[in-house]
Amino acid sequence: AAFDAYTEILDQPGFDPRDRSEAILQRRLLRPLFRPTLDVSTDIADEEEGDTFSSQATVSSGWMNDWRFVAFTHHDYVKLAPGFFNVTDANRVDGGLSVQRRFNGRYFAEVTAGASQSEILYGARIGRYGNQGLAMSLGFMANQRSTESPSVQALDGREHRAEFEVIGPIGDRWLVDF
């Protein structure tokens, strides 16, 4: 309904240019929740221990009868500075699939499975969508890529993660993101 309302603001004449700009922004933020999306990003880190070149891609389906599927892949190339370990450079790749289920349009559950070159990746997350309020989630992921330092990354360091997230507006002026 919100996506359609923003589309109506853009399609109908007579709206203020500021309203139209805000509608464009809000519709862009909502798009991944309703439509299939592709997200690709890269990152370069230059540290004393060495350099890390990372790329990742995520493809998500639109919602189909309260189900959504998300495929992901990560690739890191690490080049260590001379004097750190016997390894001078390393590649590591992992990928997987997450399946999300929406309940009553407000709550969700997600399971993730995947693999790296050396480990099985798995995890689960439950939570509540914000829908004009606070969104929150609680999850656990096993054998995730460690990003602590280039040397740990070159050794394909892995870690288990427990996550708790809260995000949303508090009143009219504040946004909490914890």
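Cut-offs applied
Residues numbered from 1 in each chain as written. Predicted model: local features only at pLDDT ≥ 70, side-chain atom pairs only at ≥ 80, totals over all residues. Heavy atoms only, no water. Patch = residues over 30% accessible without salt bridge, like charges linked within 9 Å, V, L, I, M, F, W, Y side chains within 5 Å. Areas by Shrake-Rupley, 256 points an atom, 1.4 Å probe, with all protein chains shown as cover. Salt bridge = Lys/Arg side-chain N within 4 Å of Asp/Glu carboxyl O. Helix = DSSP H or I, 4+ residues; strand = E, 2+ residues; numbered from the N terminus. Buried < 20%, exposed > 50% of the residue type's maximum accessible area, 1.4 Å probe, protein only. Contact = heavy atoms within 4.5 Å. Pairing = 2+ DSSP bridges. Axes fitted to C-alpha atoms, helices over the stretch in contact; angles between N-to-C directions. Left-handed = near helix turned anticlockwise from the far one by under 90°. Nonpolar A, V, L, I, M, F, W, Y, C, P; charged D, E, K, R; others polar. Phe/Tyr/Trp six-rings, centres within 6.5 Å; stacked < 30°, edge-to-face > 60°. Lys NZ or Arg CZ within 6 Å of the ring centre and 35° of its normal. Arc of directions from axis to C-beta.

1. Description of a nonpolar patch on the surface
- There is a patch of nonpolar side chains on the surface, built from Ile126, Met136, Leu138, Phe164 and Phe178 and spanning about 530 Å² of accessible area.
- One can find Phe178 in the segment after strand 9 (174–177).
- Residue classification places Phe178 among the exposed positions, given a relative accessible area of 62%.

2. Comments concerning the side chain of Gln153
- Tracing the backbone through its elements, the reader meets Gln153 in helix 3 (residues 150–154).
- Excluding residues that lie within four positions of it along the chain, Gln153 makes contacts with Thr52, Asp76, Val78, Arg92, Ser146, Thr147 and Glu148.

3. Some details on the pairing of strand 5 (residues 107–116)
- Burial along strand 5 is one-sided: Phe108, Glu110, Thr112, Gly114 and Ser116 are buried, while Tyr107, Ala109, Val111, Ala113 and Ala115, pointing the other way, are not.
- Pairing analysis gives 10 bridges linking strand 4 (residues 89–103) to strand 5, with the strands arranged antiparallel. What sits directly across from Arg102, in strand 5, is Phe108.
- Bridging between strand 5 and strand 6 (residues 120–128) involves nine bridges; their strand directions are antiparallel.

4. Quick look at the packing of helix 1 (residues 2–11) against helix 2 (residues 17–34)
- Axis separation between helix 1 and helix 2 bottoms out at 9 Å; the angle between their running directions is 145°. Considering how the two elements wind past one another, helix 1 and helix 2 form a crossing that is left-handed. Seen from helix 1, the contacting residues are Ala2, Phe3, Tyr6, Thr7, Ile9 and Leu10; seen from helix 2, they are Asp19, Arg20, Ala23, Ile24, Gln26, Arg27, Leu30, Arg31 and Phe34.
- Among the residues making up the contact of helix 1 with helix 2, the classes are represented as nine nonpolar, two polar and four charged.

5. Regarding the packing of aromatic side chains
- If you walk through the whole model with that rule in mind, you get three aromatic pairs.
- Plain terms: the ring middles of Phe108 and Tyr129 are 5.0 Å apart, the flat faces sit at 35° to each other, and that makes the pair tilted. One end of the pair, Phe108, is in strand 5; the other, Tyr129, is in the loop between strand 6 and strand 7 (135–145), and 21 residues separate them in sequence. Judged on exposure class, the residue Phe108 and its partner Tyr129 are both buried.
- Here the guanidinium or amino end of Arg102 rests over the ring plane of Trp63, the centre of that ring lying 4.1 Å away.

6. Quick look at helix 1
- Of all the positions in helix 1, only Phe3, Thr7, Ile9 and Leu10 are classed as buried. Viewed end-on, helix 1 has its buried residues packed into an arc of 155°, placing them on one side of the element.

Interpretation in functional terms is not warranted from these geometric data alone.
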